[in-house]
Amino acid sequence: MRWILGAITVVCLFGSLSRLTPNIMWNDPTYFFRQNKSGYLKFSNTFRGTYLLMIGSVSLLLFLLSFFMTIPLTDGSLFLIFLMCVLVGRLALEWKWRRLKE
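The structure presented is a predicted model; accordingly, all values stated were derived computationally and were not measured.

J.: Is there a simple way to explain the packing of aromatic side chains in this structure?
T.: One pair of aromatic rings is described through two measures. These are the centre distance and the angle between the planes. Within the structure shown, the criterion is met by five aromatic pairs. Arranged with centres 6.1 Å apart and planes meeting at 20 degrees, the rings of Phe43 and Phe47 form a pair that is stacked. Of this pair, Phe43 and Phe47 are both found in helix α2 (residues 37-65), four residues apart, which corresponds to roughly one turn of the helix. For Phe47, a relative accessible area of 18% corresponds to the buried category. Seen from their ring centres, Phe63 and Phe67 are 5.2 Å apart, and the 80 degrees between their planes marks the pair as edge-to-face. Put simply, the rings of Tyr40, Phe43, Phe47, Tyr51 and Trp97 touch in pairs and so form one group of aromatic residues. Here the basic side chain of Arg34 rests over the ring of Tyr40, its NZ or CZ set 4.1 Å away from the ring centre. Taking NZ or CZ as reference, Arg99 lies 4.8 Å from the ring centre of Trp95, over its face.

Structure, rendered in structure tokens:
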């Protein structure tokens, strides 16, 4: 389980770099289908960077905590929780963008 938490931490902390560089396209293929490309790019990079920073911080805390106590999660359930968090983040991004656009 520690290697999954470590991998999630590294991926999320690397993905949170998009918060520092909001005008560079990082990992959003829907950018090409947007009408307001520059506005969406800055908004999505900042939102996704903040969200991934939060997920990375929580997984780093769990990773460090796993050295001191047993966390009752299997590898599969931990990976499914991570995928659900990413999906919820993606849906929240679309919802906030549409609300901001109106």
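J.: Sorry if this is basic, but what is going on with the pattern of salt bridges here?
T.: As a working rule, side chains carrying opposite charge can pair if their charged atoms are close by. Counted according to the given criterion, the structure contains two salt bridges. A salt bridge links Arg34 to Glu94; the nearest nitrogen and oxygen atoms lie 2.6 Å apart. Taken together, the residues Arg34 in the loop between α1 (2-15) and α2 and Glu94 in helix α3 (residues 75-101) connect sequence positions 60 residues apart. Of the two residues, Arg34 and Glu94, neither departs from the other in class, the shared state being buried. Note that Arg90 and Glu94 form a salt bridge whose closest N and O atoms lie 3.2 Å from each other. In this pair, Arg90 and Glu94 are both assigned in helix α3, four residues apart and thus about one turn of the helix distant. You can call Arg90 partly exposed: its relative accessible area is 24%. Looking at Glu94, the relative accessible area reads 15%, which means it is buried. Three or more residues are tied together by salt bridges with common partners; here these are Arg34, Arg90 and Glu94.

About the cut-offs
Residues numbered from 1 in each chain as written. Predicted model: local features only at pLDDT ≥ 70, side-chain atom pairs only at ≥ 80, totals over all residues. Heavy atoms only, no water. Phe/Tyr/Trp six-rings, centres within 6.5 Å; stacked < 30°, edge-to-face > 60°. Helix = DSSP H or I, 4+ residues; strand = E, 2+ residues; numbered from the N terminus. Buried < 20%, exposed > 50% of the residue type's maximum accessible area, 1.4 Å probe, protein only. Lys NZ or Arg CZ within 6 Å of the ring centre and 35° of its normal. Salt bridge = Lys/Arg side-chain N within 4 Å of Asp/Glu carboxyl O.

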